[in-house]
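# Chains, contacts and geometry: an overview
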Amino acid sequence: MKHETSTLFLLGVAHSLNHSLFLVLAPLLSNIALSLNASFQQLGLVASITFFIYGAGALLGGPFSDMMGSVRIAQISLGLAGLSSLLFLVCQDLMVFSIAMWLMALWASFYHPTVNGLIAKAFPEKTGNAMGIHNAAGNLGQVLTPSIAYSIGFLYSWRLSFVTFGVLSIITSLLLSKIKLINESRKIEFKISLRELIMVPYFWQFLLFNLIIGFIFRGVEVFFPSFLIISRGFLGEHAALASSLILLSGTLGQIIGGRGSDKYGGQKIILFSCMGVCLSLFFLLLMPNNIIFVGFFSIMYGVTVFSHQPAITMLVSKIMPINLIGSSYGLLFFFSFGLGSLSAMMIGYISDLLGIEKAFWINAIASVVLVVATLYIRKSLMKNPKIT
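Residues numbered from 1 in each chain as written. Predicted model: local features only at pLDDT ≥ 70, side-chain atom pairs only at ≥ 80, totals over all residues. Heavy atoms only, no water.

## Digging into the environment of leucine 8
- Mapped onto the elements, leucine 8 comes out in helix 1 (residues 2–23).
- Owing to a relative accessible area of 10%, leucine 8 belongs among the buried residues under this scheme.
- For the pair leucine 8 and methionine 131, spaced 123 residues apart in sequence, the C-alpha separation works out to 9.2 Å. (Helix = DSSP H or I, 4+ residues; strand = E, 2+ residues; numbered from the N terminus. Buried < 20%, exposed > 50% of the residue type's maximum accessible area, 1.4 Å probe, protein only.)

Next comes the structure, spelled out in structure tokens:
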């Protein structure tokens, strides 16, 4: 039990840093745009390509971990992503910035399917709870990232903000060698069968859900601080704190999602998640401009948007053959973080063209689509009583 706890803790730190490398962008978006003489549309395009790579690379992470071992791939992923951040030290234009972001995304992309597959195999009885603890630890570690990144960027340079988390990632990648796995099977051949994955009953419904919620999540993550600064008149440090509050609340959301999935069923948790996301986005847009209301949004959105993650991973582990788990998580991650990331480009374009307020209305409308899609998925899954 002690080894299992320490493993989840160390993976939680790694999970936190895997995301923190990219969480630096949002609170410093305006600074970076000014420094590189770039528009929101240009940075939105860079962000979309970044997260598309982050999602697409996950298609390789699962099979790589089956072939080379989960710990080794996790170390490679975190270490080389951190090393790529050093490129920001010589970044003076949008091209170098883009290359640095894309290299970080490529290496970081291997992490999620590798570790999700590992946890699903290591905790077959309480998968949802283990996923929730791992994800919550990741969220908790990310809580201060926007504020720390903004402070370093404000006092010194936005470049040092990226490098700080990059160096921490390199150190953590070395510590991952302490994780010892017993009886981890490794395949000699490298094989991804998308047809075999898609043919698994109910899997495409989960892909659809991940695509829509990924679209919403990425648009909010990248542009929420800028929305508060430009549309609501908040100071940069207050906007960064609001982003941190989302992540802090997400820690509770991960625990609720993990334990709730085991106790009440993943379907109910997913419905709770998407309805909460929808209500919170409309609340943000319709309520008066007040710091208390923004704080309430951050808590409500953070809890609900993150609660779906352990529920999805638990449900997929129930329908997926053991030999396809790593690849299935890779494809799920691609739909959420890869295809879903196209929202950053769209939100950036609409923000430049019509204003960031109208861009956030697009996300609110998308959340209504999410609720409808979730009700359809729930109706489909109820045909199989084993998938709860």
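## Some details on the nonpolar core
- The biggest cluster of nonpolar side chains holds 115 residues, and the ones touching the most others in it are Phe97, Phe162, Phe203 and Phe224.
- Once residues within four sequence positions are removed from consideration, phenylalanine 162 is found in contact with Leu21, Val24, Leu25, Ile32, Ser85, Phe88, Phe97, Met101 and Met104. (Core = buried A, V, L, I, M, F, W, Y, C linked by side-chain atoms within 4.5 Å. Contact = heavy atoms within 4.5 Å.)

## Description of the state of the cysteines
- Applying the stated criterion across every chain, the model contains zero disulfides.
- Looking at the unpaired cysteine 274, the closest cysteine sulfur is the one in cysteine 278, lying at 8.1 Å.
- A relative accessible area of 0% means that cysteine 274 is categorised as buried. (Disulfide = S-S within 2.5 Å.)

## A short note on helix 6 (residues 94–108)
- End to end, helix 6 covers 21 Å across 15 residues, agreeing with the expected 21 Å (1.5 Å per residue, within 8%).
- All of the buried residues in helix 6 are Phe97, Ser98, Ala100, Met101, Met104, Ala105 and Ala108. End-on view of helix 6: buried residues confined to an arc of 165 degrees, all on one side of the axis.
- For helix 6, the capping residue at the N-terminal end is aspartate 93, with a side-chain oxygen 3.2 Å from the backbone nitrogen of methionine 95. (Expected span 1.5 Å × (residues − 1). Arc of directions from axis to C-beta. Polar contact = N/O pair within 3.5 Å; in protein donor to acceptor, adjacent residues only side chain to side chain.)

## Notes on empty space enclosed by the protein
- Per the counting criterion, the structure on display carries six cavities of 30 Å³ or more.
- Approximately 360 Å³ is the volume found for the largest cavity.
- Around the largest cavity sit 25 residues that line it, and His112, Asn116, Gln309, Phe333 and Phe337 are the ones nearest its centre.
- For the lining of the largest cavity, the secondary-structure elements that each account for two or more residues are helix 1, helix 7 (111–122), helix 8 (127–142), helix 12 (203–230), helix 15 (291–319) and helix 16 (325–338).
- At six residues, helix 15 tops the list of elements feeding residues into the lining of the largest cavity.
- Considering only enclosed or pocket space, the second largest cavity measures out at about 130 Å³ in volume.
- Lining the second largest cavity are 14 residues; nearest its centre among them are Leu23, Glu221, Ser243, Ile246 and Leu247.
- Residue assignment for the lining of the second largest cavity shows that the elements contributing at least two residues are helix 12, helix 13 (236–264) and helix 15.
- Element by element, the count of residues in the lining of the second largest cavity is highest for helix 12, at five residues.
- Here the residues of the lining of the second largest cavity sort into 12 nonpolar, one polar and one charged. (1 Å grid on protein atoms, 1.4 Å probe; cavity = no way out; pocket = protein on both sides within 12 Å on 5 of 7 lines; lining within 4 Å. Points joined across faces, edges and corners; volume = space filled by probe spheres on them. Nonpolar A, V, L, I, M, F, W, Y, C, P; charged D, E, K, R; others polar.)

## Structural notes on the confidence of the model for the protein chain
- The pLDDT averaged across the protein chain works out to 82; a share of 89% of its residues lies at or above 70.
- Within the protein chain, the element-level pLDDT minimum falls on helix 11 (residues 194–198), averaging 69, and the maximum on helix 6, averaging 94. (pLDDT = per-residue confidence, 0-100.)

## Digging into the pattern of salt bridges
- Counted under the stated rule, the structure contains two salt bridges.
- The closest approach of N and O atoms between glutamate 221 and arginine 218, which form a salt bridge, is 1.9 Å. Of this pair, glutamate 221 and arginine 218 are both found in helix 12, three residues apart, which corresponds to roughly one turn of the helix.
- With its nearest N and O atoms 2.7 Å apart, the salt bridge here joins arginine 232 to glutamate 357. With arginine 232 in the loop between helix 12 and helix 13 and glutamate 357 in helix 18 (residues 356–381), this residue pair connects regions lying 125 residues apart in the sequence. (Salt bridge = Lys/Arg side-chain N within 4 Å of Asp/Glu carboxyl O.)

## Thoughts on the packing of aromatic side chains
- The full count for this structure, using the stated rule, is 22 aromatic pairs.
- An angle of 80 degrees between the planes, with centres 6.2 Å apart, marks the rings of phenylalanine 40 and phenylalanine 223 as edge-to-face. With phenylalanine 40 in helix 3 (residues 40–56) and phenylalanine 223 in helix 12, this residue pair connects regions lying 183 residues apart in the sequence.
- Aromatic side chains phenylalanine 283 and phenylalanine 293 sit 5.8 Å apart centroid to centroid with 70 degrees between the ring planes, which places their arrangement in the edge-to-face category. Placement of the pair is phenylalanine 283 in helix 14 (residues 266–286) and phenylalanine 293 in helix 15, with a sequence separation of 10 residues.
- A residue is classified by how much of its surface remains accessible, and phenylalanine 293, at 31% relative accessible area, is partly exposed. (Phe/Tyr/Trp six-rings, centres within 6.5 Å; stacked < 30°, edge-to-face > 60°.)

## Side note on the environment of cysteine 274
- Looking at the element boundaries, cysteine 274 is found in helix 14.
- Linking cysteine 274 and leucine 375, residues 101 residues apart in sequence, is a C-alpha distance of 9.8 Å.

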